[in-house]
Amino acid sequence: VLLYSHSWLPAQVDGVAVCMLDHAQALAARGVRVVVATPDFLPRGAALGPKALERIPGVEHVTLETQHTPVYRRNLCMRFSVGNLWRGG
């Protein structure tokens with residue numbers, strides 16, 4: 001099962017992050033192969049390193065490159081790139 005969540009702990013602390021973490025954990029406990037895809041929460045060109053994201057035993061976690069939303073530039077979205085397509089495949 002591939003789960004995509006724009007929220008993930010501890011980078012995004014909200015109800016969605018908590019629910020997605022719980023769903024992934026429950027599926028893995030049932031023996032389902034789970035891959036979680038989340039943003040890396042690191043805008044391109046940022047000086048800081050990527051934030052450590054919560055890991056779940058038995059769940060593969062793929063982080064996708066992030067960019068500022070075109071035009072609006074005040075929030076983040078997934079960067080459309082060959083690298084992100086490759087990671088998701």
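Residues numbered from 1 in each chain as written. Predicted model: local features only at pLDDT ≥ 70, side-chain atom pairs only at ≥ 80, totals over all residues. Heavy atoms only, no water.

Caption draft 1: View of the environment of Phe41. Turning to its location among the elements, Phe41 is positioned in strand β2 (residues 34–43). Judged by relative accessible area, which is 8%, Phe41 ranks as buried. Along the sequence, Phe41 and Glu65 sit 24 residues apart, while their C-alpha atoms lie 7.8 Å from each other. (Helix = DSSP H or I, 4+ residues; strand = E, 2+ residues; numbered from the N terminus. Buried < 20%, exposed > 50% of the residue type's maximum accessible area, 1.4 Å probe, protein only.)

Caption draft 2: Examining the pattern of salt bridges more closely. This structure, assessed with the given rule, holds one salt bridge. Glu60 serves as the salt-bridge partner of Arg33, at 3.3 Å between the closest nitrogen and oxygen. A residue pair is termed long-range when its members are at least 10 positions apart, and Arg33 in the loop between α1 (15–29) and β2 and Glu60 in strand β3 (residues 59–68) qualify at 27 residues. Owing to a relative accessible area of 64%, Arg33 belongs among the exposed residues under this scheme. Residue classification places Glu60 among the partly exposed positions, given a relative accessible area of 40%. (Salt bridge = Lys/Arg side-chain N within 4 Å of Asp/Glu carboxyl O.)

Geometric descriptors of this kind do not, in isolation, establish any biological role.
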